[in-house]
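Structure assessment
The lines below spell out each chain.
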Amino acid sequence: MIKIAVLGYGTVGSGVVEVIEKNKDIVNKKSGEEIEIKYILDLREFPGDPYEDKVVHDFSRILADDEIQIVCETMGGVGAAYEFTKQALSAGKSVCTSNKELVAAHGPELLALAKGHACNYLFEASVGGGIPIIRPMNYSLTAERIEAVTGILNGTTNYILSKMEYEGADYDTVLKEAQEKGYAERNPEADVEGHDACRKIAILSSLMTGKNVDYRKIYTEGITKVESRDFEYAKQLGMSIKLLALSKEVENKTVAMVSPFLIDGAHPLHMVNGVFNAVFVRGNMLGDSMYYGKGAGKLPTASAVVSDVIDCARHIGKVLMCFWDAEEADLLSIDRVQRKFFFRVKAEGLAMARELFGQGLEEVSLPGVKEECGIITPVISEADFADRYGKLEGLVVGRRLRIEG
């Protein structure tokens, strides 16, 4: 029998307990051992809860108990969760987590600590919720040189953009609706400003390169300035607008970023709508593969945590390899990346836009709209575009959007 502890009895933590208890037969069979939850750590009391007798308030009880071999960290944040994780790993207890903030900030350190104490630090649930992507990156694609990873990694922003696209609603209206339905937090900044997706692509970039990609160095834009009019142009072009988190090799360096992009109907991520997430991976031998599903939610995320518990149970005393070193990855400034851009220009600025962006510029008009025009630039570097676009100050409308091929 393998006994485990769950740290945090909130949405994901209670989901972990539910998955283990409801799927006890299959979890035990696939673990090769009976899994028993011995402790649930939380500051609160849960009177009447079926598992209230397992609730404890002092982590030292868990740490001192030699029967505990696996710890599920579902607390979130980088304070107590970080300290408890370090202590558990130092005591030889494997840790399974859904905590993207902690993994992005301290992944290499915690992996090294686990390796040094013959246990494991697993984080399948930290990126795509219930979507299996960490394990494929670590094991299934080990023969590949991963050339690029592109993902829709945040369900809140994808829900908002999908509603704006299909209902023609504005951002503020859809955000309010998302909050009422529980898809968006009361303070949605981490989602809508791209910070959540940034941490997730940092983790995937680190696994892609084998080196540490610091999320604080990743260029990040959110969706707060996307307008309903932008979707009218996107429809005219047969495109959609998605918040993409991407990482790829350029000039033997790594470029990672988060930003709203226009993508055409042929792109595999074009059909990913609502709260669903997807990760699109390009390998040098396999080519393209995509992983799709619910990127958040109580039971999908908990299911991914429990899959790590099963992996740990199968490998007690053995270290599962994860290629993510502390050495910093060589990041290329996005200024040198080349792509097409879309922007809207007032009618009186169209001649200047033509002059600035020259041959290869495409113009996009909306029926009945004469006061502005959409512009698609030729392929141009980020730095060059920013310089030319800046000269149109006062003549552009809304924001510019990048185009992903």
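In this report, we go over the structure that sits alongside the text.

The helix and strand inventory of the protein stands at 15 helices and 17 strands. Relative to the globule expectation of 22 Å for 405 residues, the C-alpha radius of gyration of the protein, 23 Å, shows essentially globular dimensions. Overall size of the protein, expressed as C-alpha extent along the three principal axes, is 75 × 45 × 35 Å. Within the span of the protein, comprising 405 residues, buried residues form 54% of the whole. Of the contacts made within the protein by residues no fewer than 6 positions apart, 73% connect residues no fewer than 24 positions apart. As presented, the protein carries roughly 17,500 Å² of accessible surface, and 48% of it is formed by carbon and sulfur atoms. The average position of the 47 basic charges and that of the 60 acidic charges among the side chains of the protein differ by 2 Å.

Counting 79 residues, the largest nonpolar core has I62, Y121, F123 and I160 as the members making the most contacts within it. The biggest single contributor to this core is helix α11 (residues 195-209), with 8 residues.

Moving on, we get to α11. The end-to-end C-alpha separation of α11 is 21 Å, in line with the 21 Å expected for 15 residues at 1.5 Å each. Most of α11 sits inside the fold, with 12 of its 15 residues counted as buried. For α11, every residue scored as buried is listed here: D196, A197, C198, K200, I201, A202, I203, L204, S205, S206, L207 and M208. At the exit of α11 stands G210, carrying a positive phi of roughly 80 degrees.

Each regular strand displays side chains that alternate between the two surfaces of the sheet. Of all 8 residues that make up strand β11 (residues 276-283), 6 are buried, and the element is covered over most of its length. As paired elements, strand β7 (residues 146-152) and β11 share 6 bridges and run antiparallel to each other. If you follow V149 over to β11, its bridge partner there is V281. For β11 and strand β12 (residues 287-294), the ladder comprises 8 bridges, and the chain directions are antiparallel. Bridge assignment links G283 to a residue of β12, and that residue is G287. Between β11 and the antiparallel strand that follows it, β12, lie 3 residues.

Now for the pairing of strand β2 (residues 35-41). Most of β2 sits inside the fold, with 5 of its 7 residues counted as buried. Pairing between strand β1 (residues 2-7) and β2: 6 bridges, direction parallel. Looking at β2, one finds that V6 is bridged to I40. Here β2 pairs with strand β3 (residues 55-56) via 2 bridges, running parallel. Among the inter-strand pairings, I40 is bridged to a residue of β3, identified as V55.

All right, on to the environment of M352 then. When you line up the elements, M352 lands in helix α14 (residues 350-357). As a C-alpha pair, M352 and C312 span 40 residues in sequence and 62 Å in three-dimensional space. The contact partners of M352, leaving out residues within four places of it in the chain, are K391, L392 and L395.

Moving on: helix α15 (residues 382-390). Within the sequence span of α15, burial applies to E382, F385 and Y389. The buried residues of α15 occupy an angular sector of 60 degrees when the element is viewed end-on, so they sit on one face. Those residues of α15 hidden inside the fold are in contact with β10 (253-264), β13 (338-346), α14, β16 (380-381) and β17 (396-404).

In this section: the side chain of K163. Examined against the element boundaries, K163 turns out to sit in helix α8 (residues 155-167). Apart from the residues lying within four places of it in its own chain, the contact partners of K163 are G168, A169, V174 and E177.

With that settled, consider the packing of aromatic side chains. Each aromatic ring pair is specified by the distance between its two centres and by the angle formed by the two planes. The tally for this structure, following the rule as stated, stands at 13 aromatic pairs. Taking 5.9 Å as the distance between ring centres and 50 degrees as the angle between the ring planes, the aromatic pair formed by Y121 and F123 counts as tilted. Take Y121 and F123: they sit in the same class, and that class is buried. Seen in terms of ring centroids, F123 and W324 are 5.9 Å apart; in terms of plane orientation they differ by 75 degrees. Their pairing is edge-to-face. With F123 in the loop between β6 (121-122) and α6 (125-128) and W324 in the loop between α13 (298-314) and β13, the pair connects residues that are 201 residues apart, well separated along the chain. Each member of the pair, F123 as well as W324, carries the same accessibility label: buried. Taken together, F341, F343, F357, F385 and Y389 form an aromatic cluster joined through their ring pairs. The positively charged end of R216 is found above the aromatic ring belonging to Y215, 5.8 Å away from the centroid.

This next bit is on the sheet that holds strand β5 (residues 94-97). Spatially, the 6 strands line up as an open sheet ordered β3-β2-β1-β4-β5-β6, and their pairing is parallel. Looking at the sheet topology across the chains shown, the edges are occupied by β3 and β6. Relative to β5, strand β4 (residues 68-73) runs parallel, the two sharing 4 bridges. Its bridge partner lying in β5, V71 is registered against V95.

Reading guide: rules and limits
Residues numbered from 1 in each chain as written. Predicted model: local features only at pLDDT ≥ 70, side-chain atom pairs only at ≥ 80, totals over all residues. Heavy atoms only, no water. Helix = DSSP H or I, 4+ residues; strand = E, 2+ residues; numbered from the N terminus. Rg over C-alpha atoms; globule rule 2.2 N^0.38 Å. Buried < 20%, exposed > 50% of the residue type's maximum accessible area, 1.4 Å probe, protein only. Contact = heavy atoms within 4.5 Å. Areas by Shrake-Rupley, 256 points an atom, 1.4 Å probe, with all protein chains shown as cover. Lys, Arg positive; Asp, Glu negative; His and termini not counted. Charge placed at Lys NZ, Arg CZ, Asp CG, Glu CD. Core = buried A, V, L, I, M, F, W, Y, C linked by side-chain atoms within 4.5 Å. Expected span 1.5 Å × (residues − 1). Pairing = 2+ DSSP bridges. Arc of directions from axis to C-beta. Phe/Tyr/Trp six-rings, centres within 6.5 Å; stacked < 30°, edge-to-face > 60°. Lys NZ or Arg CZ within 6 Å of the ring centre and 35° of its normal.

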